[in-house]
Amino acid sequence: MTDRILQIIIDAIDDINSMRVERISTDNVLDLSLYGNEGVFESMYLVAFLAQVEEGIEDEFEVEVTLASEKAVSLRVSPFSSVRRLIDFIEGELRLVGAGAA
């Protein structure tokens, strides 16, 4: 499941890169900081990125998840702080809706 989610995230970054002058490197993507002081996204790009990831999750796992939720925002460690943490968050959300074995 992790590899499938990672590919969805890389695809979303590639799509965002097609709209940016300054490209986001996908080398060492698991440690890539998405948002915050070290983050590669400003809020508008983060929203677009999360929407693409949600769409990819729905296509791949046939379930809807909401990444920019109150739950995500209220966590002590933000799931948007790195790709690795975002994957962990998505896996947890997929388990909640019973899509872990999909």
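Everything here concerns the structure above.
Residues numbered from 1 in each chain as written. Predicted model: local features only at pLDDT ≥ 70, side-chain atom pairs only at ≥ 80, totals over all residues. Heavy atoms only, no water.

### Quick word on the packing of aromatic side chains
Using the following cut-off: Aromatic contacts are taken between Phe, Tyr and Trp rings whose centres are within 6.5 Å, Trp giving its six-membered ring; a plane angle under 30 degrees counts as stacked, one over 60 as edge-to-face, and the others as tilted. Definition used: whenever NZ (Lys) or CZ (Arg) falls within 6 Å of the ring centre and also within 35 degrees of the ring normal, the charge is taken to sit over that ring.
Counted under the stated rule, the structure contains one aromatic pair. The residue whose ring lies beneath R20 is Y45, and the NZ or CZ to ring-centre distance is 5.3 Å.

### A closer look at the environment of F89
The test is simple: For the purposes of this entry, the term helix denotes a DSSP run of H or I that reaches at least four residues, the term strand denotes a run of E that reaches at least two, and both are numbered from the N terminus. Under the scheme applied here, a residue whose accessible area is under 20% of the maximum for its type counts as buried, over 50% as exposed, and between as partly exposed, the area being computed with a 1.4 Å probe on protein chains only. Residue contacts are counted whenever heavy atoms from the two residues lie within 4.5 Å of one another.
Along the chain, the position of F89 falls in helix α4 (residues 83-96). What makes F89 buried here is its relative accessible area of 8%. In this structure, the C-alpha to C-alpha distance between F89 and S33, residues 56 residues apart in sequence, is 15 Å. Apart from residues no more than four positions distant in its own chain, F89 is found in contact with T66, L67, S69, K71, A72, L75 and P79.

### Quick word on the nonpolar core
Test applied: Remark: nonpolar core denotes a set of buried residues (Ala, Val, Leu, Ile, Met, Phe, Trp, Tyr, Cys) joined through side-chain atoms within 4.5 Å.
Ranked by internal contacts, the top residues of the largest apolar core, which has 31 residues, are I9, F49, V53, I57, I90 and L94. Sort the elements by how many residues they give to this core and helix α1 (residues 2-17) lands first, with eight residues. Ignoring anything within four residues of it in the chain, the contact list for F49 reads I9, A12, I13, I16, L34, F41 and L86.

### Focus on the packing of α1 against α4
Heads up, the rule is: To define axes, lines are fitted to C-alpha atoms, for helices over the stretch in contact only, and angles between the resulting N-to-C directions are given on a 0 to 180 degree scale. Working definition: roughly parallel below 35 degrees, roughly antiparallel above 145 degrees, roughly perpendicular at 65 to 115 degrees, and oblique for all remaining angles. Should the near helix be turned anticlockwise from the far one by less than a right angle, the crossing is termed left-handed; should it be turned clockwise, right-handed. When residues are sorted by character, Ala, Val, Leu, Ile, Met, Phe, Trp, Tyr, Cys and Pro go into the nonpolar class, Asp, Glu, Lys and Arg into the charged class, and all the rest, Gly among them, into the polar class.
For the pair α1 and α4, interaxial distance at closest approach is 10 Å and the crossing angle is 120 degrees. With respect to each other, α1 and α4 are oriented oblique. For the pair α1 and α4, the sense of crossing is right-handed. On α4, the residues touching T2, I5, L6 and I9 of α1 are V83, L86, I87, I90, E91 and L94. Classifying every residue of the contact of α1 with α4 gives eight nonpolar, one polar and one charged.

### A closer look at helix α2 (residues 43-61)
Stated formally: Helix span, as expected, comes to 1.5 Å for every residue beyond the first. The reported arc concerns the directions from the helix axis to the C-beta atoms and nothing else.
The terminal C-alpha atoms of α2 lie 26 Å apart, and with 19 residues this matches the ideal 27 Å at 1.5 Å per residue to within 8%. By the burial criterion, the buried members of α2 are L46, F49, L50, V53, G56, I57 and F61. Down the axis of α2, the buried set is contained in an arc of 125 degrees. They therefore lie on one face. What points out from α2, more than 90 degrees from its buried face, is the exposed set M44, V47, E55 and D59. On its buried side, α2 packs onto α1 and α4. Residue E62 follows α2 closely and has a positive phi angle near 60 degrees.

### Comments concerning the pattern of salt bridges
A pair can form between side chains of opposite charge whenever their charged atoms are brought close. Inclusion rule: By salt bridge we mean one thing: a side-chain nitrogen of Lys or Arg within 4 Å of a carboxyl oxygen of Asp or Glu.
Under the criterion given, the structure shown has three salt bridges. R84 is paired through a salt bridge with D31; the nearest N and O atoms lie 2.8 Å apart. Here R84 is found in helix α4, whereas its partner D31 is found in the loop between α1 and α2, with 53 residues between them in sequence. When the shortest N-O distance is used, the salt bridge between E93 and K71 registers 2.6 Å. Of this pair, E93 sits in helix α4 while K71 is found in helix α3 (residues 70-74), placing the two residues 22 residues apart along the sequence. For E93, a relative accessible area of 14% translates into the label buried. Residue K71 is classed as partly exposed on the basis of its relative accessible area of 40%.

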